[in-house]
Every structure is written in C-alpha cells, then in structure tokens.
Amino acid sequence: MNDADGPLFEEELATLARISDRAAEAICCKKEVVVASHVDADGLTSAGIISAALDRADVDRRTLFFRQLDLPALETIADLGPDLVIFTDLGSGMQSEILEMGLSAVVADHHRPQGSGVELHINPHLVGLDGAIHLSGSGSTFLLARALAKAEGRPGEDDDLAGLAIVGAVGDLQDMALGRLIGLNRWILEVGVGAKVLSFGRDLKLFGKQTRPVFKMLEFSSDPYIPGLSGDEDACIFFLKEQGIRLKGERWRRWIDMNSGEKGKIASALVRRGLRAGLSNPQLERLVGEVYTLLLEREGTELRDASEYSTLLNATARYGHSDVGLAVCLGDRGAALEEARLLLNSHRQNLVSGLKLVKEEGIVPLAHLQYFDAGDRILETIVGIVAGMSFQTADRRKPILAFARSDDGRLKVSARGTQDLVRSGLNLADAISKAAEKVGGVGGGHNVAAGATIPPEAKEEFLELMDALVGQQFQG
Ligand code: C5P
Ligand code: ZN
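Residues numbered from 1 in each chain as written. Chains lettered and ligands numbered in written order. Predicted model: local features only at pLDDT ≥ 70, side-chain atom pairs only at ≥ 80, totals over all residues. Heavy atoms only, no water.

Moving on to the nonpolar core. In terms of nonpolar packing, the biggest core is built from 70 residues, with Leu54, Ile86, Phe142, Ile166 and Tyr309 touching the most fellow members. Here the element with the most residues in this core is helix H2 (residues 41–56); it accounts for 8 residues. Inspection of this core shows a minimum of three residues originating in each of domain 1 (10–161) and domain 2 (204–321 + 328–352). Setting aside chain neighbours within four positions, we find tyrosine 309 in contact with Leu164, Val167, Leu294, Glu302, Leu303, Val328, Cys329 and Arg333. Judged by nonpolar contacts, the second largest core, of 25 residues, contains Phe403, Ile454, Leu463 and Leu469. (Core = buried A, V, L, I, M, F, W, Y, C linked by side-chain atoms within 4.5 Å. Buried < 20%, exposed > 50% of the residue type's maximum accessible area, 1.4 Å probe, protein only. Helix = DSSP H or I, 4+ residues; strand = E, 2+ residues; numbered from the N terminus. Domains from an automatic or database assignment. Contact = heavy atoms within 4.5 Å.)

So, in structure tokens, the structure goes:
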C-alpha cells in the first residue's frame, strides 16, 4: 500500500482481531450454531463468509435471515434453543435485548451500536472507525472467519473469503464516498489480492460492464445520471458512434470487450460530456473510480464484478429468496445462479418502475428534508434502493425519506443522504432512531442510509420530528 491509500489503522485492526480471536475460541468448541443475518447483499455475503468458515471448521449451522432484528426475531432464534448465535450484519443495535433473551452471542456487525453488553462484539465503531465506509458487516465477519481458521491451526486458509467481504462492502455502497474503498476495507482488499481472488483498478464505475452492451450500460447509468445520455438509447448509440466505437462484433460489444484505447476514448468523452452538462466534481468522481474484480469468477458474468454481484444478491434477498443468494455465495453456479438471474431481471424492472413512480408523483420538499410515500406500489424491501437512486434527479441538498406500506400494516421508512450532506453534519441513523422511538417505532442504520418501522398514523408527527432533528444536525 502507498500513502495515497490513507492510514493503515493497524491498531484498530489489531484490537478487532483480538476480539475476533476470543469469539473464534467460543465458536470452535461448539457442535452446532445458529447464524442470524440481514437480508441484503452485505448480510448475505456475511452469512456466506461465516457459513464457509464454519463448514471448514466442521461446525454445523442453521442460517436465518431477518429484515431487522426486533423482539419477534430474537424470540424465533431463542425458540431454537441454540448453544451459540452468531449475528452478522445486525445485532449491534439490540445488545441488551440479546442478553435479556438469555442468548450466548457473537456479533459481527457495522451498524451504530446501541447500548452495550455483548462481549464478543466485532464492530468498527468500537475502535472509532465509521461503519458506513471503513468496514462492512461482511468485513467484520471476515475478521471472524480468519480468526476461526487461525484458531484451528489453518491460518490464512479463509483468506479467499475476502472476495465476498468486498462484494458486501460494495453492496453497502462503502466505495461511494471517495470513489474507492478505504479504512479496513483497504486491508481486506490487500488480503484478497494476496490470496489471488481479487484485483482492483481505475475504471468506469457504471453498472453492467460485464454483462450489458456498452450503449445499454450508458443508457441505464443512474449514478451519476449523465444528462443527455441516461435513459436515451438513441443518444447513447450516437455518442459511441461519434467516438468511432464499433458497437457490434459477433454480438453486441460490452465494456469488457473494448480494448484499452476504446475504453480511454469513451471515458474521456464521458467526462467531457459530464463537465459540459454541469456535473459536479463529486459526481464526476463517481463516473470513474476504483472497481473490484473477482478473479475466480468467469468473465462476462455478474459475479466477476463486485458491484454487479452485490446487485444480484440484493435481487434474491429482498424478494424473500435469501437461500438462493446464500447458495450462490457458497459456490452454486448451476440452479441457484440461474434462479438468481431470473430474480435479477424482475428486480431491475421493479427499480425502473419505482423510479418512474417517484418521477411522476414527485417528491415533497420540507425545510430540511424531502420525502415521497409509495404506499403499496413499491415493495418496502426495495424502497430504500429507489430512494437512493432518486438522487439522480432530486435535490441533492436535502436527504430523502421514503415511505412504503409494510406487509404487517406498519409503515416502513427508508432514509438516504449523500456524503456531502454527511460532511455537513447529517446523521440519519441518529435522527431516525430518535424520531421512530418517539412515535412508538424502531429505527437505526448508518449516517448516510437508515431505516425505521413506525405506526402508520404517526407519519406526520414522524416527518416533523425528522425535519427538526435533521435541521439541528445541519446547524451543528
Ligand atoms: O431498509 P433500508 O434499506 O432503508 O435500511 C437502511 C439501513 O438502515 C440498513 O443498514 C438497515 O439495516 C438499517 N435499518 C435499521 N433499523 C430499521 C430499518 C433499517 O437499522 N428498522
Ligand atoms: Zn451492512
């Protein structure tokens, strides 16, 4: 690593590794454990990492996925009467409840801790790092997996799981703040490079480099939104022809089919186009940045690119098919991958119709935030993703809140900000957990992305509270 990669956080890493070693000792002697994880790409890769590590250590496991860790979820877990529960990508916000339930627990998470009490707790916040950008849930779980291999006298044997940890970090958008992964994620990257499972380099950050024809990749670019190209197929084709790019070989040519000269030409033309259209520097930085390649996956598949892999996993988890995503993480390249691809197709369609709905119905501005209410027209499990993508057209000076009706009749809230807003003081996890608690709901998450579930009749009061709390954060 060189200086440009920033501090190495060696002390922080050593502290988390020590906690991981103790947690590994507690796991090693068990015959069977329960793994409880979160239903998103980071949660699935976390479950994949710990499952692989447990399999290698000959510890049997049962894996359960939860949208959020609330009391009913903890009761479901307790009913299994487990010797030990490993919570991954969740748990830090429910420490006293975990202990009150009498569960013996290891927590590998990166959400902002609430309360305390769980001793075997691996979380970047505990060593002063930011869980939104320095380490993901799958990163914390990777530390645990490594410790497990070490405790078993097989040091380094779980290093190949670094690939999944990077997919989880990218799934939680941890590379977006600075255009590349930093903090302990950087260390995981180096471990993965050493294990020959990962490579990284500067490239276009648009989605679909592995799988889409280039003109489609440009047409569907949403972050950043490229004025004049995004959403306009003809304009994208014309733009590429203008650069002298051949669109078709034996098949439509994808980004990975272009030679380096062609890639350079397209990238500079895109930057010029972005500058002309008034894209800000942070937006341009999101266009070209660092990308992460999984070297053991076949070229031209979603799994080769960390960003596409994470979207594929989201497409399984958020529709109640976490088992499919987990099977893909554990290496199934047959039936599970096939099913995941079908789910990915409908996920993409759902995101497109969600965005269309937001565009048609508009976003309501308040003093310090903006919001839309999707009712039952956007699934509560993807309304947060749609909210984040809405920044491509919405006012970037205010965070977005999105409401959707939950299956159980409660109201799901997803909140998304930008890194610029976080730098101005925004902390959505803090605001949303306070506001939700006041109205009889529960919430949490990260400074830049958070969520809650509240009683539907409390919506107006909740909005007022959030608006005031966010306003105070900006005043510092
Ligand atoms: O559900 P959504 O994608 O909006 O969640 C954003 C973040 O907030 C996630 O990291 C999620 O774990 C967290 N969250 C939470 N408590 C909730 C809902 C979401 O901590 N009740
Ligand atoms: Zn996470």
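Moving on, we get to the UniProt feature "domain: DHHA1" (unreviewed entry) in the chain. When the UniProt feature table is mapped onto this chain, "domain: DHHA1" (unreviewed entry) is found at residues 381–470. Secondary structure across residues 381–470 comprises 39% helix and 24% strand; the distance between its end C-alpha atoms is 24 Å. (UniProt positions renumbered as here; feature names shortened; annotations may be inferred.)

Our focus in this paragraph is the packing of helix H13 (residues 322–329) against helix H14 (residues 335–361). Their axes nearest at 9 Å, the elements H13 and H14 cross at an angle of 130°. Considered as vectors, H13 and H14 are oriented oblique to each other. Remark: the crossing between H13 and H14 carries left-handed chirality. On H14, the residues touching Val324, Ala327 and Val328 of H13 are Ala336, Leu337, Glu339 and Ala340. Each residue belonging to the contact of H13 with H14 can be placed in one class, and the counts come to 6 nonpolar, no polar and 1 charged. (Axes fitted to C-alpha atoms, helices over the stretch in contact; angles between N-to-C directions. Parallel < 35°, antiparallel > 145°, perpendicular 65-115°, else oblique. Left-handed = near helix turned anticlockwise from the far one by under 90°. Nonpolar A, V, L, I, M, F, W, Y, C, P; charged D, E, K, R; others polar.)

Quick look at the pattern of salt bridges now. One pass over the structure, following the stated rule, counts 26 salt bridges. Bridged by salt links that share partners, the residues Arg56, Asp158 and Asp160 form one connected network. (Salt bridge = Lys/Arg side-chain N within 4 Å of Asp/Glu carboxyl O.)

What follows concerns the coordination of the zinc ion (ligand 2). On the protein side, the zinc ion (ligand 2) has Asp42 (OD), Asp89 (OD), His110 (NE2) and Asp172 (OD) as donor atoms, found 2.1 to 2.3 Å from it. With 4 donor atoms in place around the zinc ion (ligand 2) and angles of 85 to 168° between them, the coordination shape is irregular. Donor residues for the zinc ion (ligand 2) sit on one chain with the sequence pattern D-x46-D-x20-H-x61-D. Placement of the pair is aspartate 89 in the loop between strand E3 (85–88) and helix H4 (95–100) and aspartate 172 in the loop between helix H6 (162–171) and helix H7 (184–194), with a sequence separation of 83 residues. (Donors = N, O, S within 2.8 Å, 3.2 Å for Na, K, Ca; no water. Tetrahedral: all angles 85-135°; square planar, octahedral: opposite > 155°, others 65-115°.)

Okay, the packing of aromatic side chains next. On inspection of all chains with the given rule, the structure shows 4 aromatic pairs. Between tyrosine 371 and phenylalanine 403 the ring centres are 5.9 Å apart and the planes differ by 85°, which places this aromatic pair in the edge-to-face class. Here tyrosine 371 is found in strand E9 (residues 370–373), whereas its partner phenylalanine 403 is found in strand E10 (residues 400–405), with 32 residues between them in sequence. Among the residues examined, tyrosine 371 registers a relative accessible area of 12% and is labelled buried. Residue phenylalanine 403 is classed as buried on the basis of its relative accessible area, which comes to 0%. Seen from their ring centres, phenylalanine 403 and phenylalanine 462 are 6.3 Å apart, and the 80° between their planes marks the pair as edge-to-face. You can see phenylalanine 403 sitting in strand E10 and its partner phenylalanine 462 sitting in helix H18 (residues 459–475), a full 59 residues away along the chain. The same class applies to phenylalanine 403 as to phenylalanine 462, namely buried. Ring pairing ties together the aromatic residues Tyr371, Phe403 and Phe462, which thus form one cluster. When the ring centre of tryptophan 252 is taken as origin, the NZ or CZ atom of lysine 248, which lies over that ring, is 4.9 Å away. (Phe/Tyr/Trp six-rings, centres within 6.5 Å; stacked < 30°, edge-to-face > 60°. Lys NZ or Arg CZ within 6 Å of the ring centre and 35° of its normal.)

This part covers the domain arrangement of the chain. For the chain, the domain assignment lists domain 1 (10–161), domain 2 (204–321 + 328–352) and domain 3 (362–475). Computed from C-alpha atoms alone, the centre-to-centre distance between domain 1 and domain 3 is 28 Å. At the interface, 10 residues of domain 1 touch 15 residues of domain 3. For the pairing of domain 1 and domain 3, the buried interface totals around 850 Å² over both sides, and the portion due to carbon and sulfur atoms is 43%. (Buried area = accessible area lost by both parts, 1.4 Å probe.)

Further remarks concern the sheet that holds E9. Within the open sheet, the 6 strands sit side by side as E8-E9-E10-E11-E13-E12. Their pairing is mixed. Two strands lie at the open edges of the sheet, namely strand E8 (364–365) and strand E12 (442–445), each paired on one side alone. Summarising the sheet, E8 and E9 pair through 2 bridges and their orientation is antiparallel. The residue of E9 that forms the bridge with proline 365 is glutamine 370. Each of E9, E10, strand E11 (411–416) and strand E13 (449–454) touches H18; the most contacted strand, E10, lies at about 165° to it. (Pairing = 2+ DSSP bridges.)

To continue, consider the packing of H2 against H13. Where H2 contacts H13, the axes come no closer than 9 Å and their chain directions differ by 50°. Relative to H13, H2 is oriented oblique. Remark: the crossing between H2 and H13 carries right-handed chirality. Residues Leu44, Thr45, Ala47, Gly48 and Ser51 of H2 lie in contact with H13, whose contacting residues are Ser322, Gly325, Leu326 and Cys329. For the contact of H2 with H13, the per-class residue count stands at 4 nonpolar, 5 polar and no charged.

Let us now look at the sheet that holds strand E4 (residues 105–108). Strand order in the open sheet formed by 5 strands is E2-E1-E3-E4-E5, and the pairing between neighbours is parallel. Taken across any chain shown, the strands that pair with only one partner, and hence form the sheet edges, are strand E2 (60–66) and strand E5 (121–122). Helix H3 (residues 71–79) contacts strand E1 (32–38), E2 and E3 of the sheet and is inclined by roughly 165° relative to E2.

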